[in-house]
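Working through the structure, step by step
Each chain, written out:
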Amino acid sequence: MNENILKSIIKSSSLADKSASSDDWQSINENENFPVVKPNLNEKLSSTFTKLLSYKVSREAYQRYSVRLNVIDTLRDWTRIKGSVGKVLPHQELKKSSDLLLSIMKKYASEEVIESCDDVDNLVQMAEVLLNSTTDRSSMRCFENVIKRIIDLEQTEKSQAFLKYIFHKSDNLKLSSILVESIYTTQKCWLIEKPFNDCFMSCCTDEKQNFEQKLREFDFLFEKISCDPSLFQLLSEQMRSMFVITKYAEKTQNFIKNVLKQIDLHCSKYSKDTLDLYPINLQFCVILLRIKPENHSSDSKSHTVNSLKQIFLKNHDDALVLVSHFPDWLPEYEKFFHIIETPVQKAL
């Protein structure tokens, strides 16, 4: 490397010590090449490069940042607990920390504040804290408000898993029936529709799979359905859709029959009748449809078909729900509407 280049680099720094650098250069022979082995020159060159890089933005900016870093280091040093006090762990006792956090949340987590929060995962974290700390009515009320807000927002995997857990633990948590109904009404896709669709597809694709055995996995849900008409009607609507899409296939009929059988078994535990799960305006027809067509007299059979017709004219989905539950009446249903395609097209 040329000696002039080296001199230019060192002199380019306005911070270079001119007297020191001139003395250093006087000791170098004019014909000597770049003296990398000389410690004083290596040190000077390194120092110059460092300063040039440090002041690349500006000398003033470097000074400001240096001051800030020194202040931060000083503050950090001041805030460190020293001596025997360092053994004290403030807010590390679980009970006290939990009480403090719960107190703050109850005081400041008003309905307005909760409604203004749009981050569903943050709300889930808040609900988890309240769930693990709920001891009185005020905290339970706050917990329910958080759940309501979670339901209103777009769901994530975390929030779906949490709502599913809450739904399964709703009896133990003593949540209001309105809140529980809101959960499965707004989240019916993955609480009801998807599980039953997957179950139906699994049984259809695997010939060895038994509907009754497979449906035992849904005992908890059947327990809920047997006690809640709204949930029963949601499931009935789902089965009606399956019934229509598969064009009244025999496998679909068997699946629905086994589902209703499981619900009836759970109702019998509490001495209930599944009739009470149907809408009031359909219960009279359900009573008639429970009797097989061959066991009806000609007059009562005609009356049953006419009742089904009246229901169809008001709401064809309700009529299809009833036929899906009582497929023995499907031939009469087809006769009345002449061809099966007509009601299917109307339903779709």
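Heads up: these notes are all about the structure in this document. (Residues numbered from 1 in each chain as written. Predicted model: local features only at pLDDT ≥ 70, side-chain atom pairs only at ≥ 80, totals over all residues. Heavy atoms only, no water.)

1. A short note on the overall build of the protein
Heads up, the condition is: Helix and strand assignments come from DSSP, with helices taken as H or I runs of at least 4 residues and strands as E runs of at least 2, each series counted from the N terminus. Burial classes: relative accessible area under 20% of the type maximum marks a residue as buried, over 50% as exposed, and values in between as partly exposed (1.4 Å probe, protein chains only). Residue contacts are defined here by distance: any two heavy atoms, one from each residue, within 4.5 Å place the two residues in contact. The method behind every accessible area is Shrake-Rupley, applied with a 1.4 Å probe, and residues are considered shielded solely by the protein chains displayed.
Within the protein, the secondary structure is distributed over 21 helices and 0 strands. Of all 348 residues assigned to the protein, the portion counted as buried reaches 37%. In the protein, of all internal contacts separated by at least 6 residues, the share reaching a separation of at least 24 is 65%. Surface exposure of the protein reaches about 21800 Å², of which carbon and sulfur atoms provide 52%.

2. Considerations on the nonpolar core
Rules: What makes a nonpolar core is a set of buried Ala, Val, Leu, Ile, Met, Phe, Trp, Tyr and Cys residues whose side-chain atoms join them at distances within 4.5 Å.
In this structure, Phe-143, Ile-147, Ile-150 and Phe-196 are the most contacted members of the largest nonpolar core, which totals 75 residues. Among the elements that line this core, the one with the most residues is helix 15 (residues 229–245), at 8 residues. Leave out the neighbours within four places in its chain, and Ile-147 touches Ala-127, Phe-162, Leu-163, Ile-166, Leu-179 and Ile-183.

3. Regarding the packing of helix 18 (residues 298–314) against helix 19 (residues 316–325)
Condition: Angles run from 0 to 180 degrees between N-to-C directions of axes, and those axes are lines fitted to C-alpha atoms, restricted for helices to the stretch in contact. Orientation is classified from the angle alone, with under 35 degrees giving roughly parallel, over 145 giving roughly antiparallel, 65 to 115 giving roughly perpendicular, and any other angle giving oblique. Side-chain classes are defined by residue name, with Ala, Val, Leu, Ile, Met, Phe, Trp, Tyr, Cys and Pro counting as nonpolar, Asp, Glu, Lys and Arg as charged, and the others, Gly among them, as polar.
Orientation of helix 18 relative to helix 19, taken along the N-to-C sense of each, is 140°, at an axis distance of 5 Å. On the basis of the axis angle, helix 18 is oblique to helix 19. The segment helix 18 lies against helix 19, with Leu-308, Ile-311, Phe-312 and Lys-314 engaging His-316, Asp-318, Ala-319, Leu-322 and Val-323. Tallied by class, residues from the contact of helix 18 with helix 19 come to 6 nonpolar, 1 polar and 2 charged.

4. Here's the deal with the packing of aromatic side chains
The condition is simple: For Phe, Tyr and Trp, rings pair up if their centres lie within 6.5 Å, where Trp contributes its six-membered ring, and each pair is then called stacked (planes under 30 degrees apart), edge-to-face (over 60) or tilted (otherwise). Charges are assigned to positions over rings by a cutoff of 6 Å between ring centre and Lys NZ or Arg CZ, combined with an angular limit of 35 degrees from the ring normal.
Taken as a whole and judged by the stated rule, the model has 7 aromatic pairs. One aromatic cluster is present, built from ring pairs that chain together Phe-196, Phe-218 and Phe-222. Geometry around Phe-167 places Lys-224 over its ring, the cationic atom sitting 5.9 Å from the centre.

5. Describing the pattern of salt bridges
Under the convention used in this document: Salt-bridge detection follows one rule: a side-chain nitrogen of Lys or Arg within 4 Å of a carboxyl oxygen of Asp or Glu.
One pass over the full model with this rule turns up 7 salt bridges. Across the pair Asp-317 and Arg-240 runs a salt bridge whose closest N-O atoms are separated by 3.4 Å. With Asp-317 in helix 19 and Arg-240 in helix 15, the pair connects residues that are 77 residues apart, well separated along the chain. A salt bridge links Lys-301 to Glu-332; the shortest N-O distance between them is 3.1 Å. Taken together, the positions of Lys-301 in helix 18 and Glu-332 in helix 20 (residues 330–336) put the pair 31 residues apart, joining distant regions of the chain. By relative accessible area, which is 15% here, Glu-332 ends up buried. Bridged by salt links that share partners, the residues Glu-115, Asp-118 and Arg-149 form one connected network.

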